[in-house]
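# A look at the structure
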Amino acid sequence: MSDVMIRLDEVHKRYDGQAGDAVAPLSMEIREGEFVVFVGPSGCGKTTTLRMINRMVEPSGGRIWIDGRDVTDVDPDELRKHIGYVIQQVGLIPHLTVAANVGLVPKLLGWQRDRIEARTAELLDLVGLDPAAFGGRYPKQLSGGQQQRVGVARALAADPPVMLMDEPFGAIDPITRARLQEEFLALQRRIRKTIVFVTHDVDEALRLGDRVAVFGEGSRLVQFDTPLGILTNPADDYVRDFLGSGAAVRRLGLLNVGDLRKPEPADRLPLRVSSGDSVHSVLERMLRDGADRVIIEGESTEDDRELTLRELLMAGSAR
Amino acid sequence: MSTRDEVANATGEAKSWVLPVIAAALVVIVFASINARELDSIEARLLSGEEILARVGEHLRLVAISTVAVILLAVPLGVLLSRPGMRLLGAPVLAVANAGQAIPSIGILVLLAILFGVGIWMAVISLVLYALLPVLRNTMVGLKQVDRALIDAGRGMGMSARQVLVTIELPLAVPVMLAGIRVALILNVGVATLATYTNAGGLGSLIESGIVFNRMPVVLAGSILTVALALSVDWLAGVCERGLRPRGI
Ligand SMILES: Nc1ncnc2c1ncn2[C@@H]1O[C@H](COP(=O)(O)OP(=O)(O)O)[C@@H](O)[C@H]1O
Ligand SMILES: [Mg+2]
């Protein structure tokens, strides 16, 4: 499973009439079955990079291979029929039923009608929509979350090995988004597609990606590593800033207790905090620095108080 | 369904019976007053059943031919002018076309008659020229208002530009295009009365005869029948418009 599925080699893009590169020369390899997330601030070139992979944007230079084939050797329309593409606006065709939307690519590929019908039902099932209840509806008769599920089903229709997803859950309310992320992860465990997923939401990136590519301005690739690797060893201050506060707590979300080893006993310096700091931020810093005591600074040195981690936990517990 | 949809439906339905009822009432009034009067020989000749039917037939034929011609010309032209490569040309064409709309229709007719002579084809040409604009403009506007994300999604799943046009853009532009065609149709019913000046017949020649022979009832009958015809055609067009609008939008 470690075959390279997508390879970018010095790919870059400058839009007509613009002074700088929208995407600076970029090289990366994405393995077969891997879920890679591009994350970075808005305007850093994530969408452009993604759209160069299916040639919705023609690169100004560099080369892109999918499954060993140079994409510029393939007719773009043909190429795109075999790459799933999901966008934030979903883009369901409003005057076609849900079933017809899902069956669009198979129809373009000239499949027989009953094969399309069977595939459509299978896919709606796969994304958790009852084909009998939803197949005949029109897109506007669905909620935003249901529409995006149909968008995913449609992208999967011709069983493409590669899926490109551009902020697919970006326009969806947080609760539905969390559920869709969860379901999509479960789905991916079954279908094992090679996925390139774009988001500007760090939490989403760390939750979904096997590996996360952190981009800076001008699509400078700053770090490309597993979520745990990024949280444990941020490449530089830019990444640290981008992760924001709470990285240490977030990192715990990626570790299971079974993964932990007993640490070497070591003398640890107490952390100096002020009385206005929140318990949450203090715990976060203790975790990051491995401190087991804090000194809460008072008006003068005599007023300093010391709390151990154990006392902090007991005092802060809800019971 | 929102309240707004219901309101829209209610007014749509209200319109759908009001128009034909008014048209029918007008026709009944015309024929009742013709029958109630003593007609002199000229009036009797001009207002005989066959005569009126013949005029209405000529009128409808003019409208039908020119509307079909308008659609065949303006829709492909509008599509062409809204393709990405042609956008630069589209705006000035639309501006010129809009200016053309301000030229009085009688002016076009007389001008063409002077230049090229008279006959039904001359009438058709001027009707087409006149009614082209609403259809052209609405085709372009209808295509322009299609959500870019839909076109993007279509191309992104491997549709060619042509397939996107046929499966996505045109169906979504249909309501706006139909509205333009309806305007063209009504314009044509009205302007076709002027076709008498190119000897193309129609209800206009009934009105003209009434004026020439100084027979007010004939003028009135011609005018009222034109109004009734316009109302009926508008109603029919509305029915078609609702029927042809794609579901789901
Ligand atoms: N079609 C375009 N024409 C010109 N400039 C573009 C186009 N699309 C994107 N850009 C510019 O390229 C840069 C990167 O955009 P984009 O790839 O959309 O970033 P992101 O998806 O990370 O927000 C931005 O500065 C944007 O303004
Ligand atoms: Mg983007």
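Just above sits the structure.
A brief structural summary. Numbering of residues begins from 1 in every chain and follows the order in which that chain's sequence is written. Here the convention is simple: chains get letters from A, ligands get numbers from 1, in the order in which they are written. Per-residue local features of the predicted model are confined to residues with pLDDT of at least 70, and side-chain atom pairs are confined, for both listing and counting, to 80 or more; whole-chain, interface and lining totals are unaffected and use all residues. The side-chain values count all of the structure's non-hydrogen atoms but skip hydrogen atoms and water molecules.

### Concerning the site of ligand 1
Residues and elements named next belong to chain A. In these notes, residues near a molecule or strand are those with any non-hydrogen atom within 4 Å of it. Tyr15, Gln18, Ala22, Pro41, Ser42, Gly43, Cys44, Gly45, Lys46, Thr47 and Thr48 make up every residue found near ligand 1. Within 3.5 Å is the distance limit for a polar contact, defined as a pair of N or O atoms, with the added protein rule that one can donate a hydrogen and the other accept it, and that residues adjacent in sequence qualify only through two side-chain atoms. Taking lysine 46, its main chain carries an N or O atom lying 2.9 Å from an oxygen atom of ligand 1. If ligand 1 stood free it would expose 560 Å²; the protein chains cover 59% of that surface. For the accessible areas, the method is Shrake-Rupley and the probe is 1.4 Å, while residue cover comes only from the protein chains on display.

### Structural notes on the interface of chain A and chain B
Reports of interface size often rely on the accessible area that becomes lost once the parts have come together. Two residues qualify as a contact provided that any one of their heavy atoms is within 4.5 Å of a heavy atom in the partner residue. Contact with chain A, which involves 21 residues of that partner, is made by 19 residues of chain B. Put simply, buried area is the surface a 1.4 Å probe can reach on two separate parts but cannot reach once they are joined, added for both. Between chain A and chain B the total buried area reaches about 1,800 Å² when both faces are included, carbon and sulfur atoms providing 65% of it. In what follows, salt bridge is the name for a side-chain nitrogen of Lys or Arg lying within 4 Å of a carboxyl oxygen of Asp or Glu. Across the chain A-chain B interface, the total number found is 2 salt bridges. In this structure, the salt-bridge partner of arginine 155 of chain B is aspartate 77 of chain A, at a minimum N-O distance of 3.4 Å. Summed over the shared surface of chain A and chain B, the result is 4 residue pairs in polar contact (both at pLDDT 80 or more). Helical segments are the DSSP runs of H or I of at least four residues, strand segments are the runs of E of at least two, and each set is numbered from the N terminus. Going through the elements one at a time, helix 2 (76–81), strand 6 (83–87) and helix 4 (104–108) of chain A are the ones with two or more residues in the side of chain A that touches chain B. By the convention adopted, Pro, Cys, Tyr, Trp, Phe, Met, Ile, Leu, Val and Ala count as nonpolar, Lys, Arg, Asp and Glu as charged, and the other residues, Gly among them, as polar. A class-by-class count of the residues in the side of chain A that touches chain B yields 11 nonpolar, 4 polar and 6 charged.

### Examining the sheet that holds strand 10 (residues 221–225) of chain A
By way of backbone hydrogen bonds, the strands of a sheet pair with one another, either parallel or antiparallel. Residues and elements named next belong to chain A. Here the rule is simple: two strands pair whenever DSSP picks up at least two bridges between them. Here we have 6 strands laid out as an open sheet, ordered 6-7-8-3-9-10, and mixed in their pairing. If you trace the sheet from one side to the other, it starts and ends with strand 6 and strand 10, each paired once. Averaged over all neighbouring strand pairs, the angle between strand axes comes to 15°, with direction disregarded. Relative to strand 7 (residues 162–166), strand 6 runs parallel, the two being bridged by 5 bridges. Looking at strand 7, one finds that valine 86 is bridged to methionine 165. In this analysis an axis means a line fitted to C-alpha atoms, helices contributing only their contacting stretch, and an angle means the value between N-to-C directions, from 0 to 180 degrees. Contacts between helix 8 (residues 174–191) and the sheet are confined to strand 3 (35–39), strand 7 and strand 8 (194–199), with strand 3 contributing the most and set at about 140° to the helix.

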